[in-house]
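Chain residues, written in single-letter form:
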Amino acid sequence: MRGHLLVDVPMVSAAISLYPSYGLAPVAWLTAASLLIHSWGVINPRSSLYLPVHWRLPRGCPAVALTFDDGPNQEATPRILDLLAEHRQQATFFLIGEHVRRHPQLVRRMLAEGHAIGLHSDSHSRLVNCWPPHLVRRDLESCAAAIGEASGQPPPLLYRPVVGLKNPVIGFVAGRLGLVAVTWSCRALDTTAIDAGRVVARLTRGLAARAILVMHDGFEPRRANDRTIAVAVARELLIELARRQLRSVALAVDGRRLGVAKSAEADAVALAP
Ligand SMILES: [Zn+2]
């Protein structure tokens, strides 16, 4: 049974049984409670109400995972890849299909340098949470096709919902496509930030074993903005990781669950206390 039915079925049953004796008042209260629970399910990155989400690394993993959304970006992504190479750290990039078609060479570079990639969306439409199943499916399949064509490899199964929002339709489609949804334990809120120091401070507070941090190396199509800040944030964060002797691992799919890339896992275990 899908998680949200565990909420909906008892709520509806209670409303039906209470209405003849008590009228509309309990129905209104139950409706309000249901709306609150569903809002939490949509917004909270740790909620698996509509689909199983992974918001931190598997149990026992002493590493962290740096993740970047909305790329690849012609300016910021190569500079972030340079920084990751310099610090010998790995990351995961959740890609937008429209950008992948413009910069396929950056997708190949990510993979060649041991990073992981995942689906984000083809268009990154803000209306995705209002779409019917066939539009959500078409968007994700277009993104997967763009990545497959760019990389020459089967499309990834890692998936990050747009803005981390979930609903029953997205849960249904992601399940049908066999995707493993990844959200985060800490986000940078860096898309509109102008002070890299504040963003770094926010992320640094979330640095702990098993943390999944989200930043943005790219931008939503047709909402272009300067991603220089992303490079500055990545630079400072990588210095902080080195200071704390923390390893950032690339994500991977392990069956239908979240894992970490094998080579990175070996390094991470070596760093375990
Ligand atoms: Zn995004």
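Let us look at the structure shown here. Position numbers for residues count from 1 along each chain, tracking the sequence in the order it is written. The predicted nature of this model means local features are confined to residues of pLDDT at least 70 and side-chain atom pairs, given and counted, to a pLDDT of 80 or more, with totals for whole chains, interfaces and linings taken over all residues. To obtain the side-chain values, all non-hydrogen atoms of the structure were included, while hydrogens and water were left out.

1. Quick notes on the pairing of strand 3 (residues 91-96)
(1) Moving on: Counting buried positions over the 6 residues of strand 3 gives 6, a clear majority of the element.
(2) Moving on: When accessible area is computed with a 1.4 Å probe and restricted to protein chains, residues below 20% of their type maximum are described as buried, those above 50% as exposed, and intermediate ones as partly exposed. Only runs of H or I of at least four residues qualify as helices and only runs of E of at least two qualify as strands under DSSP, and these elements are numbered from the N terminus. Burial along strand 3 is two-sided: Ala91, Phe93 and Leu95 facing one way and Thr92, Phe94 and Ile96 facing the other are all buried.
(3) Moving on: Where strand 2 (residues 65-71) lies against strand 3, 5 bridges are found, and the strand directions are parallel. Note on strand 3: the bridge partner recorded for Asp69 is Phe94. Note on pairing: DSSP must find at least two bridges between two strands before they are called paired.

2. Considering the coordination of the zinc ion
(1) Moving on: Metal coordination here is assigned from N, O and S atoms located within 2.8 Å of the ion, or within 3.2 Å for Na, K and Ca; omission of water means that sites may look incomplete. Looking at the zinc ion, the protein donor atoms are Asp70 (OD), His120 (NE2) and His124 (NE2), and they sit 2.1 Å from it.
(2) Moving on: Expressed as a motif, the donor residue spacing for the zinc ion is D-x49-H-x3-H. Placement of Asp70 in strand 2 and of His120 in strand 4 (residues 116-121) is noted, with a sequence separation of 50 residues between them.
(3) Moving on: With a relative accessible area of 3%, Asp70 lands in the buried category.
(4) Moving on: A relative accessible area of 2% places His120 in the buried class.

3. Considerations on helix 8 (residues 196-205)
(1) Moving on: Of all the residues in helix 8, the buried ones are Val199, Val200, Leu203 and Thr204. Buried residues in helix 8, looked at end-on, bunch into an arc of 135 degrees, giving them a common side. In helix 8, the exposed positions that point more than 90 degrees away from the buried face belong to Arg198 and Arg205.
(2) Moving on: Any two residues whose heavy atoms approach within 4.5 Å at even a single point are treated as in contact. Residues of helix 8 that are buried sit in contact with strand 7 (186-187), strand 8 (212-216) and helix 9 (228-244).
(3) Moving on: Polar contact is defined as a pair of N or O atoms within 3.5 Å, subject to the rule that within protein one atom must be able to donate a hydrogen and the other to accept it, and that residues adjacent in sequence are counted only when both atoms are side-chain atoms. The residue sitting at the N-terminus of helix 8 and contributing the capping side-chain oxygen is Asp195; that oxygen lies 2.9 Å from the backbone nitrogen of Gly197. By definition, the arc is the one covered by directions from the helix axis to the C-beta atoms.

4. Some points on the state of the cysteines
(1) Moving on: When two cysteine sulfur atoms are found within 2.5 Å, that pair is recorded as a disulfide. One pass over the full model with this rule turns up 0 disulfides.
(2) Moving on: Left without a disulfide partner, Cys130 is nearest to the cysteine sulfur of Cys143, which lies 20 Å away.

5. Let's talk about the pairing of strand 4
(1) Moving on: Burial runs high along strand 4: 6 of the 6 residues are buried.
(2) Moving on: Sheet topology places strand 3 next to strand 4; 5 bridges connect them, and they run parallel. From the neighbouring strand, Phe93 faces strand 4, where its bridge partner is Ile117.

6. Here's the deal with the pattern of salt bridges
(1) Moving on: The salt bridge criterion pairs a side-chain nitrogen of Lys or Arg with a carboxyl oxygen of Asp or Glu, the two atoms within 4 Å. Throughout the structure, instances matching the rule amount to 9 salt bridges.
(2) Moving on: Note that Asp69 is salt-bridged to Arg160, the shortest N-O span being 2.7 Å. Highlighted residues: Asp69 in strand 2 and Arg160 in the loop between strand 5 (158-159) and helix 7 (168-176), separated in sequence by 91 residues.
(3) Moving on: By relative accessible area, which is 3% here, Asp69 ends up buried.

7. Re the nonpolar core
(1) Moving on: Residues Leu66, Phe93 and Leu203 are the most contacted members of the largest nonpolar core, which totals 56 residues.
(2) Moving on: When residues of this core are assigned to their parent elements, the largest contribution, 8 residues, is made by helix 9.
(3) Moving on: Sequence-distant contacts of Leu203, defined by excluding residues within four places in its chain, comprise Cys186, Arg187, Ala188, Leu213, Val214, Met215, Val233 and Leu237.
(4) Moving on: Within the second largest apolar cluster, 18 residues are counted, among which are Phe94, Ala250, Leu251 and Ala261. By nonpolar core is meant a set of buried Ala, Val, Leu, Ile, Met, Phe, Trp, Tyr and Cys residues that side-chain atoms within 4.5 Å join together.

In short, the description is geometric, and any link to function would need to be established separately.
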